[in-house]
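Below, each chain spelled out in residue letters.
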Amino acid sequence: MTSETSADEFRAALHSLRVWDVPLPGFDAEGAPGEPLGLFREWFVQAVSAGQVEPHVVSLATVDGAGRPDVRVLMLHDADERGWHFASHATSAKGVQLAGQPAAALAFYWPAVGRQVRVRGRVGACGPRESRADLAVRSRGALAAALTGRQSEVLGSREELVRASADAWERAGAEPDAPAPTWTRYVLDADEVEFFQGDAARRHVRLRYRRDPAGAWVRELLWP
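Our subject in this report is the structure included herewith. (Residues numbered from 1 in each chain as written. Predicted model: local features only at pLDDT ≥ 70, side-chain atom pairs only at ≥ 80, totals over all residues. Heavy atoms only, no water.)

1. What to know about unusual backbone geometry
Peptide bonds are trans in most cases, and residues, glycine excluded, mostly fall at negative phi. Non-glycine residue Trp20 carries a positive phi angle of around 60°. For Trp20, the location among the structural elements is in the loop between α1 (7-15) and α2 (36-49). Look at Ser152: it is not a glycine, yet its phi comes out positive at around 80°. Its place among the elements puts Ser152 in the loop between α5 (140-148) and α6 (158-174). (Helix = DSSP H or I, 4+ residues; strand = E, 2+ residues; numbered from the N terminus.)

2. Observations concerning helix α4 (residues 128-136)
Here α4 has its buried residues at Ser131, Asp134 and Leu135. Projected down its long axis, α4 shows its buried positions confined to an angular sector of 95°, all on one face. On its buried side, α4 packs onto β4 (83-89), α5 and β7 (183-197). (Buried < 20%, exposed > 50% of the residue type's maximum accessible area, 1.4 Å probe, protein only. Arc of directions from axis to C-beta. Contact = heavy atoms within 4.5 Å.)

3. Notes on the side chain of Arg115
When you line up the elements, Arg115 lands in strand β6 (residues 115-125). Glu42 is the oppositely charged side chain nearest to the buried, salt-bridge-free Arg115, at an N-O distance of 6.3 Å. (Lys, Arg positive; Asp, Glu negative; His and termini not counted. Salt bridge = Lys/Arg side-chain N within 4 Å of Asp/Glu carboxyl O.)

4. Here's the deal with the pairing of strand β2 (residues 69-75)
Summarising the sheet, strand β1 (residues 57-63) and β2 pair through seven bridges and their orientation is antiparallel. Residue Val63 lies in a different strand from β2, and its bridge partner there is Pro69. The loop that links β1 with its antiparallel partner β2 comprises five residues; one of these, Gly67, has a positive phi angle of about 80°. (Pairing = 2+ DSSP bridges.)

5. Here's the deal with a nonpolar patch on the surface
A cluster of nonpolar side chains, Phe10, Leu14 and Leu17, forms an exposed patch at the surface whose accessible area comes to about 320 Å². Here Leu17 is to be found in the loop between α1 and α2. (Patch = residues over 30% accessible without salt bridge, like charges linked within 9 Å, V, L, I, M, F, W, Y side chains within 5 Å. Areas by Shrake-Rupley, 256 points an atom, 1.4 Å probe, with all protein chains shown as cover.)

6. Comments concerning the packing of α5 against α6
Closest axis-to-axis distance for the α5/α6 pair is 8 Å, and the angle between their directions is 125°. Classified by the angle their axes make, α5 and α6 are oblique. Note that α5 runs across α6; the crossing there is right-handed. Counting all contacts with α5, which are made through Arg140, Gly141, Leu143, Ala144, Leu147 and Thr148, the residues of α6 involved are Leu161, Ala164, Ser165, Ala168, Trp169, Glu170, Arg171, Ala172 and Gly173. Each residue belonging to the contact of α5 with α6 can be placed in one class, and the counts come to eight nonpolar, four polar and three charged. (Axes fitted to C-alpha atoms, helices over the stretch in contact; angles between N-to-C directions. Parallel < 35°, antiparallel > 145°, perpendicular 65-115°, else oblique. Left-handed = near helix turned anticlockwise from the far one by under 90°. Nonpolar A, V, L, I, M, F, W, Y, C, P; charged D, E, K, R; others polar.)

Written out as structure tokens, the structure reads:
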């Protein structure tokens with residue numbers, strides 16, 4: 001058992017922290033491409049090259065049936081002309097929320113380069129074939145987790161999870177093509193994408209792409 005951290009200890013630790021104590025790249029917004037996908041891919045590769053840990057990890061925000069916001073962290077599976085791809089169980093909290101309200105937002109944060117990317121738009125579910133193919137290229141552990149299922153349901157005990165997980169791992173090894181019917185690949189079709197480049201002098205660069213009524217991308221700078 002750990003000792004309880006006092007409020008003073010917490011605040012001392014919190015206030016001791018600084019951001020961007022490393023040289024940050026510049027960003028010439030005037031030279032940015034006309035559409036956001038190419039810039040996202042460029043920034044992603046640069047984050048990987050800079051040593052950013054898990055740059056494919058992204059926060060997904062949704063709303064539930066009562067309009068209450070919800071957010072969690074998951075992995076990006078692709079980014080192409082269709083949008084930003086991720087996956088989950090259709091029966092999970094996020095899956096249920098997206099079925100009821102398909103508007104969502106993604107937020108990437110790459111502190112190694114002082115950058116954020118925010119994406120907003122509508123989310124669509126891919127069909128069973130594409131969803132199964134998404135799971136097929138992942139690890140045995142990912143398949144085992146998908147086969148365990150029941151994501152977001154109340155868990156009776158840790159032992160119950162251990163038993164179910166062990167059975168799922170065994171099945172995933174014996175049946176690498178085992179179906180996971182609720183596993184679903186989703187695509188967020190963006191209507192707004194913002195690129196944020198941090199600056200040590202707090203003159204941050206914010207470039208927003210948004211679709212106009214005709215569907216064309218409009219670029220605009222935002223005050224930091």
